[in-house]
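Architecture at a glance
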Amino acid sequence: MTGNGVQLRVRGKVQGVGFRPFVWQLANQLGLRGDVCNDGEGVLVRLAGDATAFQQQLLLNCPPLARIDSVEMQAFAWPQNPASFTIRHSAGGAMATQIVPDAATCPACLAEMRDPRERRYRYPFINCTHCGPRFTIIRAMPYDRPATAMANFPLCSPCESEYRNPADRRFHAQPVACPDCGPQLEWCAGDDLQTRDSALTAAVAMLKSGGIVAIKGLGGFHLACDASNDVAVARLRERKHRPGKPLAVMLPHAGDLPVDVRERLLSPAGPIVLIAKSDLSPLPDGIAPGLDCIGVMLASNPLQHLLMDDCARPLVMTSGNLSGKPPVISNEQALDELREMADGFLLHNRDILQRMDDSVIDAHGSMLRRARGFVPDAIPLPEGFHDIPPMLCLGAEMKNTFCLVHGGQAVLSQHFGDLSDDGVEHQWREALAVIQQMYDFLPERVVCDAHPGYRSAQWADALALPKETVLHHHAHAAACLAENGWPLDGGDVVALTLDGIGIGENGALWGGECLRVNYRECEHLGGLPAVVLPGGDLAAIEPWRNLLAQSLAFIPDWQSRPETRAVQAHNWRLLTTAMERGINAPQASSCGRLFDAVACALGIAPDRQRYEGEAACQLEALAATCAGVNHPVTLAVDDMSTFWRQWLDWQATPGERAWIFHDALAKGLANLLMYHARRLGISTLCFSGGVLHNRLLRSRLQRYLSGYTLLFPEKLPAGDGAISFGQAVVAAARHSAHRN
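What counts as what
Residues numbered from 1 in each chain as written. Predicted model: local features only at pLDDT ≥ 70, side-chain atom pairs only at ≥ 80, totals over all residues. Heavy atoms only, no water. Helix = DSSP H or I, 4+ residues; strand = E, 2+ residues; numbered from the N terminus. Contact = heavy atoms within 4.5 Å. Core = buried A, V, L, I, M, F, W, Y, C linked by side-chain atoms within 4.5 Å. Buried < 20%, exposed > 50% of the residue type's maximum accessible area, 1.4 Å probe, protein only. 1 Å grid on protein atoms, 1.4 Å probe; cavity = no way out; pocket = protein on both sides within 12 Å on 5 of 7 lines; lining within 4 Å. Points joined across faces, edges and corners; volume = space filled by probe spheres on them. Nonpolar A, V, L, I, M, F, W, Y, C, P; charged D, E, K, R; others polar. Pairing = 2+ DSSP bridges. Axes fitted to C-alpha atoms, helices over the stretch in contact; angles between N-to-C directions.

This paragraph deals with the side chain of serine 300. Within the secondary structure, serine 300 is located in the loop between β12 (293-298) and α8 (302-311). If we skip the residues at most four places from it in the chain, serine 300 touches Ala103, Ala104, Thr105, His305 and Arg372.

See below:
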């Protein structure tokens, strides 16, 4: 007998999150008949009878990891009335749904893992539909067990029963496993081989004795040691050739941390959060030398929870890789590449299929590195963007991500790092191929940075696709606009883009720019003056070179100034001759290099930076010790000579001078923005570029621009990690203009 009904098409993050059993339970509670299935577009629900109450409850009570973007309802004629509500097998089709990020262990699984009465007691791979690995174990879509790294682990009868039962929280949880049928631990330290519980016991003993352990996680390896043991921390730095870059610390618990910080640490994403050192019990100076903050995290997978339960102390958790190389993801790679660093290896036999670094956010919630827990969440495009043809956007050279854009959404990849490294590029290419396959994504255009020397741009040239380029700083500003929901036809804003360098108009090197921007256009209005980069790329490594360039350009009596001692300790005369002859001496309006110069003048910059932005980070930390100093120093972008004279002549401590620089720079840039905003009749300003990760500079800009609408990056990085997304919306806007 036929019957009338409705069909609901649910789009969003609705696969791999327990959505179908939730629908099954809801339909049974409401006494409804029909069915539900996953397919290429999301979830399809078919119901007999009135679906009004069902739709209301669907939107109000969806599972914790799910997100509904839209529900479309239409009439449906049943060929035969269903007798009950059932879950149908997944169907194929063009990929339009979202792949789910890995999620931190949920409270229910944690309680079960710690309960001696449960069969998964102390099992380091416990999970359910509300938590556990997702993206890092996927081979293909739809997301079903045979297409994951769990295909090699046939389910035992009890796990099979849970997996098939819609009323169980493990219904179709693809990584479901137990000690009898799932992945197992292994300990390797020379001739010492242990498995299962004894492997964990051996690792804990090594950590407590001051050793360094390589630990296999969800998306890669960590190198771990006792964070309270200064000897162990120093040994890890020496072996990893990481003399100064800060190390992340995993805490046993959130303790007395501020409420907002605890909430971020305990979120399903489980990111690293940068917090003030003063919020923590003291740790060795070697954790984050010279800085006022530390990156902390909590255990986010069952193995980490067991380690923290047994160690009961903070552990350094830094990426398992050779310095400057990509993190290892296989047991074989770890045993080979990390053998000189680790005293032992805590391994397991579940493959990592997708590399995924830890995400990093600051204490205010702003994204610094977007990876585990957030990727590959799709990003809806703002109002006005729709029916965009598939475009592949390749991002920047440093802190690279790539982006797929199609229809009305974009998928931004995880953080990869510097594409100039062959190993990073190899992982990048593999991930690109996998994600395109997952989404059945065939790009019709490729979009890249305007810099012809970038590997991504060269790779774009090799594709048999139409190519377009986007200026680096236009992409920066556009990413900020799109993140903040600025409509396609929202009009112009005045943008401030501050970073190291990027290609601008006519091949100029930009890095401190004021721009008139919309999604389609980018007009240069002004900015910091261009000065020489002595030695080209070396200027980004050796801060004294930038102080020399600023001195020659703006400080006539620089040789008599004690602040330039670091310059005079080098062979600056030979370098000056090269600059005068234009030998490896490009000019750039780089805000990042200005920070380096000021840090060098204060005597806090190393001769060679040990990590990107070291001098600037030290400068911000020093400034934070003396916030609020009154001063007469001004910084006008068209009169840097006056700034340097006033700043050098003002009698103040190094900390006060550091704060004065931040304040004067913010006020000078604010004046520049306000001038052009008034001239153009614009009331909205947007900000982007890696320098905007500096919270002090942000706060001073906000103070001086309080009368305007200010758009800052929050959910995406201010730096190059969002460049590919900016390229996507610029290219999409151009397409829309041509179409109309």
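Turning next to the nonpolar core. By size, the foremost hydrophobic cluster in this structure holds 112 residues, and its most contacted members are Leu346, Phe385, Tyr519 and Phe725. Counting residues per element, this core draws most heavily on helix α21 (residues 723-739), at eight residues. Setting aside its immediate chain neighbours within four residues, leucine 346 contacts Leu185, Glu186, Trp187, Ala199, Leu200, Ala203, Val213, Ala214, Ile215, Lys216, Leu303 and Leu307. In terms of nonpolar packing, the next biggest core, distinct from the first, is built from 69 residues, Trp558, Leu635, Ile682 and Leu701 among them.

Tallied over the full model, the rule gives five cavities of 30 Å³ or more. The computed volume of the largest cavity comes to approximately 150 Å³. Lining the largest cavity are 20 residues, and of these Pro124, Leu218, Asn301, Pro302 and Arg350 sit closest to its centre. Put simply, the parts of the chain that give the lining of the largest cavity at least two residues each are β8 (213-216) and α8. If one sorts the elements of the lining of the largest cavity by residue count, α8 sits on top with three residues. Classifying every residue of the lining of the largest cavity gives 10 nonpolar, eight polar and two charged. Approximately 110 Å³ is the volume found for the second largest cavity.

Turning next to the sheet that holds strand β16 (residues 367-369). Spatially, the 11 strands line up as an open sheet ordered β7-β6-β14-β8-β9-β13-β10-β12-β11-β15-β16, and their pairing is mixed. Pairing within the sheet leaves two strands with one partner each, and these edge strands are β7 (192-195) and β16. Across the sheet, the mean angle separating the axes of adjacent strands is 30° when strand polarity is ignored. Where strand β10 (residues 249-251) and β12 come together, three bridges link them in parallel fashion. Of the residues in β12, the one forming a bridge with methionine 250 is methionine 297. Of the strands in this sheet, β9 (221-226) and β13 (315-319) touch helix α6 (residues 230-240), which is tilted by about 145° from β9.

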